[in-house]
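# Understanding the architecture of this molecule
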Amino acid sequence: MGEWFARYEEGFVAANGETVTLTDEVHPEHPWPTPAAARSHWGRRSDLRGPDVHLYRNGLEQVEDVAERSEFASLGVRLIWRRVSFHRARETPSA
């Protein structure tokens, strides 16, 4: 049985540079034997593919520049991001 679990986060960077986390979820119900196995699984998700996805710690991160999109600019949002990283079951995830 695996001992690595996923931590999924979503948020944005405001025009003033402040980073805001909107979602921070831990998924211990589906453990993985290694971070590489977990990254392979999560990397198949359609929302974590594309040229704006890169390695983040031992997982993946997607960052999208939305400053020119009016629906985000009106809210003062410059970037939106989502990321997944992997932690041992006995570790406490930290930002």
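Data block above holds the structure.
So, a few notes on the structure that sits alongside this text.

This next bit is on unusual backbone geometry. With a phi close to 50°, Arg-57 is a non-glycine residue in the positive phi region. In this fold, Arg-57 is placed in the loop between β3 (53-56) and β4 (59-65).

The next point concerns the environment of Ala-15. Within the fold, Ala-15 resides in the loop between β1 (4-14) and β2 (19-32). Classification of Ala-15 as exposed rests on a relative accessible area of 60%. A sequence separation of 13 residues divides Ala-15 from Pro-28, and the C-alpha atoms of the two residues are 34 Å apart. Beyond its immediate chain neighbours, meaning those up to four positions away, Ala-15 contacts Gly-76 and Arg-78.

Below, the discussion takes up the pattern of salt bridges. The full count for this structure, using the stated rule, is 8 salt bridges. The partner of Arg-7 in a salt bridge is Asp-24, with the nearest N and O atoms 2.7 Å apart. Of the two residues, Arg-7 sits in strand β1 while Asp-24 sits in strand β2, which places them 17 residues apart along the sequence. Using a relative accessible area of 42% as the deciding quantity, one classes Asp-24 as partly exposed. Look at the salt bridges and you will find they share partners, linking Arg-7, Glu-9, Asp-24, Glu-61 and Arg-83 into a network.

Rules used in this analysis
- Residues numbered from 1 in each chain as written.
- Predicted model: local features only at pLDDT ≥ 70, side-chain atom pairs only at ≥ 80, totals over all residues.
- Heavy atoms only, no water.
- Helix = DSSP H or I, 4+ residues; strand = E, 2+ residues; numbered from the N terminus.
- Buried < 20%, exposed > 50% of the residue type's maximum accessible area, 1.4 Å probe, protein only.
- Contact = heavy atoms within 4.5 Å.
- Salt bridge = Lys/Arg side-chain N within 4 Å of Asp/Glu carboxyl O.

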